[in-house]
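Observations on the three-dimensional arrangement
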Amino acid sequence: CAVGRLLDVCRQSIIFESVEELLRCFIRIATDTDIDIVRIKNRLDLRYNSSQSAGYRDLVLNMSVNTKETRELHVSAHVCEVQLLLAEFAQMKSDEGHRRYKQFRDERCE
């Protein structure tokens, strides 16, 4: 794997009780002029086949923060990952659930 292609070295999850709360957060992030969204992976879309992620669903944003401070620190091009997810799916990210997901993903060679 080429280091320049890594998108989730810095990753954080934000957990919501409702889709409406999640959507409000997404809109705030998407309209923030200091944030450059590089990629959106929408596993909440009803057209998304959740069997591809062992039933797990979220909205993943790969982004960079471009401010005076990040430019001075030379990290404005650093891409981080923010996972927006509902509480019911957050429960799937327990140690056991994540282990099962990694095994599922590895079996698919992803």
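Residues numbered from 1 in each chain as written. Predicted model: local features only at pLDDT ≥ 70, side-chain atom pairs only at ≥ 80, totals over all residues. Heavy atoms only, no water.

Some remarks on the sheet that holds strand 2 (residues 35-42)
The strand order across the open sheet formed by 4 strands is 1-4-3-2, and the pairing between neighbours is mixed. Two strands lie at the open edges of the sheet, namely strand 1 (11-16) and strand 2, each paired on one side alone. Within the sheet, the average angular offset between the axes of one strand and its neighbour, ignoring direction, is 25°. Bridging between strand 2 and strand 3 (residues 59-65) involves 7 bridges; their strand directions are antiparallel. The residue bridging Ile40 from the neighbouring strand is Leu61, located in strand 3. (Pairing = 2+ DSSP bridges. Helix = DSSP H or I, 4+ residues; strand = E, 2+ residues; numbered from the N terminus. Axes fitted to C-alpha atoms, helices over the stretch in contact; angles between N-to-C directions.)

Things to note about a negative patch on the surface
Taken together, Asp32, Asp34, Asp36 and Glu69 make up a surface patch of like negative charges. Along the chain, the position of Asp36 falls in strand 2. Asp36 sits in the partly exposed class, given a relative accessible area of 35%. (Patch = residues over 30% accessible without salt bridge, like charges linked within 9 Å, V, L, I, M, F, W, Y side chains within 5 Å. Areas by Shrake-Rupley, 256 points an atom, 1.4 Å probe, with all protein chains shown as cover. Salt bridge = Lys/Arg side-chain N within 4 Å of Asp/Glu carboxyl O. Lys, Arg positive; Asp, Glu negative; His and termini not counted. Charge placed at Lys NZ, Arg CZ, Asp CG, Glu CD. Buried < 20%, exposed > 50% of the residue type's maximum accessible area, 1.4 Å probe, protein only.)

Points about helix 1 (residues 19-30)
The end-to-end C-alpha distance of helix 1 is 16 Å, a good match for the 16 Å that 12 residues give at a rise of 1.5 Å each. Within the sequence span of helix 1, burial applies to Leu22, Cys25 and Ile29. An end-on view of helix 1 places all buried positions within 65° of arc, on one side of the element. In helix 1, the exposed residues that point more than 90 degrees away from the buried face are Glu20, Arg24 and Arg28. (Expected span 1.5 Å × (residues − 1). Arc of directions from axis to C-beta.)

Here we look at the confidence of the model for the protein chain
On average, residues of the protein chain score 85 in pLDDT, and 81% of them are at 70 or above. Mean pLDDT values for the elements of the protein chain range from 67 in helix 4 (residues 95-107) up to 98 in helix 1. (pLDDT = per-residue confidence, 0-100.)

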